[in-house]
Amino acid sequence: MSSISARGLPDIPEVRPGDDLAGLILAALAGRPLETGQIVVIAHTVVSKAEGAIVALTDVSAGERARVLGAEQGRDPRAIQVVLDESAEVLRAERGVLICRTRHGFVCANAGVDASNASPHGGADTLILLPRDPDDSARRIRARISELTATAPPAVLITDSFGRAWRHGQVDVAIGLA
């Protein structure tokens, strides 16, 4: 009989641009080896932070479309500009949320741009973007785990939480896999 179990890793420090995620994960495992068949699941936020996919609103100039949408949606036009920059298309804007198709092809709120886990990088004045190429990010983390352990690496899955627009609840979605 097959089974699935999950466990969080304690003691992962706040991730900063340039951090070695594979090294942090292995350190948090405290010597417990990764075994064949295991999958390392990583929230995109830490991948984005390590890759420097962080935007300070003080560095953003809002364009006309962002100013109009910001006024209509009751949001900071600079944050709207970041969402527009990360979007291939805005599908709908309503109740303070922009439903967008990202350049990756994901349909999600605000093109995956998030401020909720930006601290200590500036909090509400800082936004975290989706990784530019989540599959490549997963491949690089997987290769680094293999390099550090000299073993066959586990699968690496990068996730993000998606909701259904204007409904309650969230689901975790795979956005990158290696």
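Read on for an overview of the structure. (Residues numbered from 1 in each chain as written. Predicted model: local features only at pLDDT ≥ 70, side-chain atom pairs only at ≥ 80, totals over all residues. Heavy atoms only, no water.)

Remarks on the overall build of the protein chain
Scanning the protein chain for helices and strands turns up 5 helices and 8 strands. The N-to-C order of helical and strand elements in the protein chain reads α-β-α-β-α-α-β-β-β-β-α-β-β. C-alpha atoms of the protein chain, sized along the principal axes, occupy 55 × 35 × 25 Å. The buried share of the protein chain, taken over its 178 residues, is 38%. Expressed as a percentage of contacts within the protein chain between residues at least 6 apart in sequence, the contacts between residues at least 24 apart total 51%. Summing over all exposed atoms, the protein chain offers an accessible surface of approximately 9900 Å²; the carbon and sulfur share of this is 51%. Considering the protein chain, the positive charge centre built from 19 side chains and the negative charge centre built from 22 side chains are found 4 Å apart. (Helix = DSSP H or I, 4+ residues; strand = E, 2+ residues; numbered from the N terminus. Buried < 20%, exposed > 50% of the residue type's maximum accessible area, 1.4 Å probe, protein only. Contact = heavy atoms within 4.5 Å. Areas by Shrake-Rupley, 256 points an atom, 1.4 Å probe, with all protein chains shown as cover. Lys, Arg positive; Asp, Glu negative; His and termini not counted. Charge placed at Lys NZ, Arg CZ, Asp CG, Glu CD.)

Quick notes on the pattern of salt bridges
For the structure shown, the criterion picks out 13 salt bridges. Salt-bridge contacts for Arg92 lead to Glu94; the nearest nitrogen and oxygen are separated by 2.6 Å. It is possible to trace a salt-bridge network through shared partners that takes in Glu51, Asp136, Arg139 and Arg140. (Salt bridge = Lys/Arg side-chain N within 4 Å of Asp/Glu carboxyl O.)

Details of the pairing of strand E1 (residues 39-43)
Residues of E1 alternate between two faces, with Val40 and Ile42 buried on one and Ile39, Val41 and Ala43 left unburied on the opposite face. Note that E1 and strand E7 (residues 155-163) share 5 bridges and pair parallel. Residue pairing across strands places Ile39 opposite Ala155, the latter belonging to E7. (Pairing = 2+ DSSP bridges.)

Description of unusual backbone geometry
Its identity as a non-glycine residue notwithstanding, Ala30 has a phi of 50°, on the positive side. Overall, the relative accessible area of 66% leaves Ala30 in the exposed class. Positive phi, close to 55°, is recorded for Asn110, a residue that is not glycine. Positionally, Asn110 belongs in the loop between strand E5 (107-109) and strand E6 (126-128).

Digging into the nonpolar core
Core analysis: the biggest nonpolar cluster contains 20 residues, and Ile42, Ile141 and Val156 have the highest contact counts within it. Every element with two or more residues in this core is listed here: helix H1 (21-28), E1, helix H2 (44-51), helix H5 (134-149) and E7. When residues of this core are assigned to their parent elements, the largest contribution, 4 residues, is made by H1. If sequence neighbours within four positions are ignored, Ile42 has contacts with Ile25, Val47, Ile141, Val156, Leu157, Ile158 and Thr159. Counting residues in hydrophobic clusters, the runner-up holds 19 residues, among them Val60, Val82, Leu98 and Leu129. (Core = buried A, V, L, I, M, F, W, Y, C linked by side-chain atoms within 4.5 Å.)

Details of the pairing of E7
Pairing of E7 with strand E8 (residues 170-177), which is carried by 7 bridges, proceeds in the antiparallel orientation. Bridging from a neighbouring strand, Leu157 pairs with Leu177 of E8.

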